[in-house]
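Each chain is listed here by its residues.
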Amino acid sequence: MKYYLEDASKALQQVESTEKGLSSKEAAKRLEQNGRNKLKEEKKDPLIKRFFDQLKDPMLIILIIASVISAVTTFISNKTSEHTEGYADFFIIMIVVLINAILGVYQESKAEKAIEALQKMSAATSKVLRDGQIVHVASEELVVGDVVILEAGDAVPADGRILTSASLKIEEAALTGESVPVSKTAEVLKPCADGDIGLGDRKNMVYMGSTVVYGRGTAVITGTGMDTEMGKIADALASAEESQTPLQLKLAQLSKILSFLILGICIFMFIFTVVFQRKTGFMDILEVFMLAVSLAVAAIPEGLATVVTIVLSVGVTNMSKRNAIIRKLTAVETLGCAQIICSDKTGTLTQNKMTVVEHFGDDVGLLSSAMALCSDAELQEDSSVLGEPTEAALVAFAKENGHPKPELKKTAPRIGEAPFDSSRKMMSTVHKIDGKIIQYTKGAPDEVLKRCVAFISGGEVKPMTDAMRAQIVNANKALASKALRVLCAAMRVHPEAPESFEPENLEKDLIFIGLTGMIDPVRPEVIDAVKECKEAGIRAIMITGDHRDTAIAIAKQLNLLESEEGAITGAELNALSDEEFERDIEKYSVYARVQPEHKVRIVNAWRKKGYVTAMTGDGVNDAPSIKNADIGVGMGITGTDVTKNVADMVLADDNFASIVGAVEEGRRIYDNIRKAIQFLLASNMSEVLVIFAATLLGFTILQPVHLLWINLITDAFPALSLGFEKAESNIMQRKPRDPKAGVFSGGIGFDIAYQGIAVSILTFAAYFIGHFIKSGTWVATDSADGTTMAFLTLSMAEIFHSFNMRSQRGSIFTIKGQNKFLWFAAVSSFIMTALVIYVPFLSNAFKFTHISLEEFVIAMVLAFTIIPLVEIIKLITRLVTQKKS
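A quick note: this is a predicted structure, and the numbers were derived from the prediction, not measured.

Thresholds, definitions, all that
The written sequence of each chain sets the order in which its residues are numbered from 1. Since the coordinates come from a predicted model, pLDDT governs what is reported: local features require at least 70, and pairs of side-chain atoms require 80 or more to be given and counted, while whole-chain, interface and lining totals use all residues. As a rule here, side-chain values come from all non-hydrogen atoms in the structure, and water together with hydrogens is ignored. Working definition: helices are DSSP H or I runs of at least four residues, strands are E runs of at least two. Numbering for both runs from the N terminus. Think of it in three bands: residues with accessible area under 20% of the maximum for their type are buried, residues over 50% are exposed, and the middle band is partly exposed, with areas taken using a 1.4 Å probe on protein chains only. In what follows, residue pairs with any heavy atoms lying within 4.5 Å of each other are defined as contacts. In this analysis, a patch consists of residues with relative accessible area above 30% that form no salt bridge, clustered at 9 Å for like charges and at 5 Å for the nonpolar side chains Val, Leu, Ile, Met, Phe, Trp and Tyr. Accessibility throughout is a Shrake-Rupley quantity obtained with a 1.4 Å probe, and a residue counts as covered only by protein chains that appear here. By definition, a salt bridge exists where a carboxyl oxygen of Asp or Glu is found within 4 Å of a side-chain nitrogen of Lys or Arg. We define a nonpolar core as any set of buried Ala, Val, Leu, Ile, Met, Phe, Trp, Tyr and Cys residues linked to one another through side-chain atoms lying within 4.5 Å. Each axis is a line fitted through C-alpha atoms, taken for helices only over the stretch in contact, and angles between the N-to-C directions span 0 to 180 degrees. In what follows, roughly perpendicular refers to angles from 65 to 115 degrees, roughly parallel to angles under 35, roughly antiparallel to angles over 145, and oblique to any angle outside these ranges. Crossing handedness follows the turn of the near helix against the far one: under a right angle anticlockwise gives a left-handed crossing, and clockwise gives a right-handed one. Three classes are used, and their members are as follows: Ala, Val, Leu, Ile, Met, Phe, Trp, Tyr, Cys and Pro are nonpolar, Asp, Glu, Lys and Arg are charged, and the others, Gly among them, are polar. To estimate the expected span of a helix, subtract one from its residue number and multiply by 1.5 Å. Note that the arc is defined by the directions from the helix axis to the C-beta atoms. DSSP bridges decide pairing: two strands pair if at least two such bridges lie between them. When the centres of two rings from Phe, Tyr and Trp lie within 6.5 Å, Trp using its six-membered ring, the rings pair. Their planes under 30 degrees apart give stacked, over 60 give edge-to-face, and anything left gives tilted. Neither His nor the chain ends is counted toward charge; the positive residues are Lys and Arg and the negative residues Asp and Glu. For the purposes of these results, a polar contact is taken to be a pair of N or O atoms within 3.5 Å, where, inside protein, one atom must be able to donate a hydrogen and its partner to accept one; residues adjacent in sequence count only when each atom of the pair is a side-chain atom. pLDDT is a residue-level measure of predictor confidence that goes from 0 to 100.

Draft legend 1. Quick peek at the overall build of the protein. Counting its regular elements, the protein contains 34 helices and 25 strands. In the protein, which comprises 885 residues, the share counted as buried stands at 54%. Of the contacts formed within the protein by residues at least 6 apart in sequence, a portion of 73% connects residues at least 24 apart.

Structure representation (structure tokens):
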């Protein structure tokens, strides 16, 4: 039921209650029937399930199968032959799989604490009328029909219809996005054209999770637990689906492609070897199985998932240094390809702090003092201001002008007051100053000005004239046109203390002092951040619960809006069908007076059009849209626990400008991951080609353990080092990459192919040269020298090739600076490779021979050849690209 459209008495009838509340017996009955006033908890996946989820990758499944086959064939071989082999291949593969899964669980498991945080925001106890008496009960025990008493400082425990209001103001920013507390009333509200009223305009309702900041009142509870507006948010959090990031989708796509290719090649090789080489014996078939296993091991880039995870982890560390805390690992690169950033205004683009930015009046000292004295906000010892935000801004304004309120109170103690009333739209306080009785009044300019008979000019009191009244009215309009909240200050000198402090006795014959215009100002650094977003091809969208005029004014300051036609309200959005909205969504850059479901609709509409969308915000109302976005960005300081717990990234400094740094880091990381993928796949392709060709020619060039060593030592560490490459100079002048672009886009597929073929040719050359040096013949047979030289050339060619990968198209000789991590990886891999060849027990385990210095130098020269070869191809590619452009 829409209680806000009904009279309070009718609302009481609907919930079967009275102004005196429920009886204890009836409350207990309803509690048993309807349950406690709390939110449902979301089930979490157990640790073991999250662990096994990491093993769903097709490449890992093939690797596990390959390791099992390796163990079985080794076991059978040991039982049927005199020669005994170890299970090194099996254990090495399984260790790789386990490490990868553990890393995945450690980095990516995110506890769903959103519902718990929502519960913490609920009031612990509430003042309730039971049996006609005021009692304190646990908020969880509230039921529909309870009448609660609300006072300044209370957290609203559930949704309710207001019965009485005495200057009641409630802070609803976390729920609606409205930066100014809402004045509440018990009156019936008139519906909008669509027959309803937006959440932020329901002034006769109170909602769970909001806070009373001023006045007092009573309300009858109309909704508890999951039936509250916060309950709807909790439902939205629970129902929002976790979607994969672009990188996850690309790696999943790559895994499937590689899996099918690997299976196809292995099956083909098995059938070819058995049929054409006439392998009919059981042991012969087992040997062929082992060849298939070695091919699978060669083809699968075991280090890929681990390298990507660690590179992303390094990115997380770098981002934390730039005040962007990553809660979900793969979100690092998602922000790097973000095309739309939907940002909440309050606290994100603005400071969430009402501030006096302009004033009108002859005496700013008197104006600021009057405003501060005629308010209930107080200046604290730490210079912060405690109180209702608007009054806090006035007290801060006085301090800035040399009139701190504690000193004002000493020289001008308050002796009486007429509290603020929404019908009068003003308040008055009476003070004793140097023996005189001075009254200050502040309120809505049009109402206060009606009661002014004079004004202050040059320190003198002069009679109000039509010309001066028109000047004040024009000044008010000028301030209001800038979306400033305008208040008027006036004074009155009493000959003695008034007998009555009733408003009608005080608020007449006033002397106009001046006007103040205040607003929640933009963060200064956000203007440059928005500009950088535009240069990076990213569109910023403002979404707020504030009024349209305020939103437009802020948007224009930030250069988010060129025409007011680009702004739309929540009510106007409701009038649009999904089809109409999706068609016109690119017209709008500012959304005002929105509700939580609007934010989700906006985010989903952009995503449906194929845009990678980020959503920033700090309030509870932002949580569902943050979770539905491709990447949710929460605020670390002003953000609620709810928002932070569902966010993928949290800004430690609440600074929109930090997003720009996160975008740059995300793009750099994605570039480096692509370099690592290209390097690893080219390396694995060369291994596949070498094993496959050698099998067809009837000899064994490398064993599975050799390939594992290369993949885990020679390949993994340089690939990991590529993740530390610095960003290219033009990285923030590029347009966001197309999220639909494949892993092999931009010529990477061609690069992988020719580079893989080149390394395999060099490896074969090393094998045949080593075989010829030892045997004096080029006829291909199993050769220890050939295998050792092929291993050395393949290992070092991939090390040298990692330097090629520092830039996909640029020459490595023109890159400024050095990658010290890559140099360390290269030197370390070289030393370990040499140790495997020349340390006796290692070379025996790997079945290597101690090759001569001549063979070693030849293998190294062949390996180094990959650098000039790739440099030539890069040069040709650059020349072709320049010619086309």
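Draft legend 2. Looking closely at a nonpolar patch on the surface. A contiguous nonpolar patch, built from Leu263, Ile267, Ile271 and Val275 and spanning about 360 Å² of accessible area, is present on the exposed surface. Residue class for Ile271 comes out partly exposed when judged on its relative accessible area of 46%.

Draft legend 3. How the structure looks around the nonpolar core. Leu335, Phe512, Met542, Met649, Phe656 and Ile701 are the most contacted members of the largest nonpolar core, which has 132 residues in total. Element by element, the count of residues in this core is highest for helix α27 (residues 657-697), at 15 residues. Ignoring any residue separated from it by four or fewer positions in sequence, one finds Met649 in contact with Ala324, Ile325, Ile326, Arg327, Leu335, Ile631, Gly632, Val633, Gly634 and Ala662. Ala398, Leu408, Ala454 and Met518 belong to the second-largest nonpolar core, a separate cluster that totals 32 residues.

Draft legend 4. A look at the packing of helix α29 (residues 748-775) against helix α34 (residues 866-884). Two elements in contact, α29 and α34, have axes whose closest approach is 11 Å; the angle formed by their N-to-C orientations is 150 degrees. By the angle between their axes, α29 is roughly antiparallel relative to α34. Here the hand of the crossing between α29 and α34 comes out right-handed. Contacts between α29 and α34 involve Phe750, Tyr754, Gln755, Ala758, Val759 and Leu762 on the former and, on the latter, Ile866, Leu869, Val870 and Ile873. In the contact of α29 with α34, the residues fall into nine nonpolar, one polar and no charged.

Draft legend 5. Helix α33 (residues 853-864), seen in detail. Between its first and last C-alpha atoms α33 spans 16 Å; for twelve residues at 1.5 Å apiece the expected length is 16 Å, and the two agree. Among the residues of α33, Glu855, Phe856, Ala859, Met860, Leu862 and Ala863 are the ones counted as buried. For α33, the buried positions fall inside an angular range of 160 degrees around the axis, keeping them on one side. For α33, the exposed residues set more than 90 degrees away from the buried face come down to Leu853 and Val861.

Draft legend 6. Expanded view of the pairing of strand β20 (residues 539-543). In terms of residue burial, β20 counts as a mostly covered element, since four of its five residues are buried. Pairing of strand β9 (residues 340-344) with β20 involves five bridges; the strand directions are parallel. When the sheet's bridge partners are listed, Ile341 is paired in β20 with Ala540. One ladder, built from two bridges, connects β20 with strand β22 (residues 590-592); its direction is parallel. Bridging from a neighbouring strand, Ile543 pairs with Tyr591 of β22.

Draft legend 7. Focus on the pairing of strand β3 (residues 147-151). Taken across its five residues, β3 has four buried, putting it largely inside the fold. Across three bridges, the pairing between strand β1 (residues 125-130) and β3 is antiparallel. Bridging across to β3, Lys127 finds its partner in Ile149. One ladder, built from five bridges, connects β3 with strand β7 (residues 211-223); its direction is antiparallel. Residue pairing across strands places Val147 opposite Val220, the latter belonging to β7.

Draft legend 8. Expanded view of the sheet that holds strand β21 (residues 567-569). The strand order across the open sheet built from eight strands is β8-β25-β24-β23-β9-β20-β22-β21, with neighbouring strands paired in mixed fashion. Both outer strands of the open sheet, β8 (324-326) and β21, are each paired with one neighbouring strand and no more. Geometrically, the sheet is characterised by an average inter-axis angle of 20 degrees between neighbouring strands, direction not taken into account. Two strands pair when backbone bridges link them, and β21 and β22 are joined in this way by three bridges, in the parallel orientation.

Draft legend 9. Structural detail: the packing of aromatic side chains. As enumerated under the stated definition, the model contains 17 aromatic pairs in all. Measuring from ring centre to ring centre gives 6.1 Å for Tyr838 and Phe856, while their planes differ by 50 degrees; the resulting arrangement is tilted. You can see Tyr838 sitting in helix α31 (residues 820-838) and its partner Phe856 sitting in helix α33, a full 18 residues away along the chain. Given a relative accessible area of 14%, Phe856 falls into the buried group.

Draft legend 10. Summary view of the side chain of Asp715. By the secondary structure assignment, Asp715 is in helix α28 (residues 704-722). For Asp715, which is buried and forms no salt bridge, the nearest opposite charge comes from Lys874, at a distance of 17 Å. If sequence neighbours within four positions are ignored, Asp715 has contacts with Phe679, Leu680, Ser683, Asn684, Glu687, Ile710 and Glu798.

Draft legend 11. View of the packing of helix α30 (residues 784-804) against α34. Running from N to C, α30 and α34 cross one another at 35 degrees; their axes reach a closest spacing of 9 Å. Note that α30 runs across α34; the crossing there is right-handed. Taking contact as the criterion, the partners of Ala797, Phe800, His801 and Asn804 in α30 are, on α34, Ile866, Ile867, Val870 and Lys874. Looking at side-chain class alone, the contact of α30 with α34 contains five nonpolar, two polar and one charged residues.

Draft legend 12. Examining the pattern of salt bridges more closely. Under the criterion given, the structure shown has 37 salt bridges. Between Glu572 and Arg548 there is a salt bridge, and its shortest N-O distance comes to 3.4 Å. Here Arg548 lies in helix α21 (residues 548-557) and Glu572 lies in helix α22 (residues 570-574), a separation of 24 residues in the sequence. For Glu572, a relative accessible area of 38% translates into the label partly exposed. One salt bridge connects Arg734 with Asp671, and the closest N-O pair in it is separated by 3.0 Å.

Draft legend 13. Structural detail: unusual backbone geometry. The phi dihedral of Asn323 falls on the positive side, at around 70 degrees, and the residue is not glycine. Classification of Asn323 as partly exposed rests on a relative accessible area of 32%. Notably, Arg593 is not glycine yet its phi reads approximately 55 degrees, a positive angle. Summarising the element assignment, Arg593 is placed in the loop between β22 and α24 (596-608).

Draft legend 14. Molecular detail of the side chain of His431. One can find His431 in strand β14 (residues 426-433). A polar side-chain atom of His431 sits 2.9 Å from the main-chain carbonyl oxygen of Ala412. Sequence-distant contacts of His431, that is, excluding residues within four places in its chain, are made with Leu373, Ala412, Pro413, Arg414, Ile415, Lys436, Ile437, Ile438 and Tyr440.

Draft legend 15. Local environment of α31. Here α31 contains 19 residues, and its C-alpha end-to-end distance of 27 Å stays within 8% of the 27 Å for a straight helix at 1.5 Å per residue. Among the residues making up α31, those that are buried are Leu822, Ala825, Ala826, Ser828, Ser829, Thr833, Ala834, Val836 and Ile837. Elements in contact with the buried residues of α31: α28, α30 and α32 (840-845). Sitting at the head of α31, Asn819 places a side-chain oxygen 3.1 Å from the backbone nitrogen of Phe821.

Draft legend 16. A look at the confidence of the model for the protein. Across the protein, the average pLDDT comes to 84, with 87% of residues at or above 70. With pLDDT under 50 throughout, residues 110-123 is counted as low confidence; its partners more than four residues away or in other chains account for 43 contacts.

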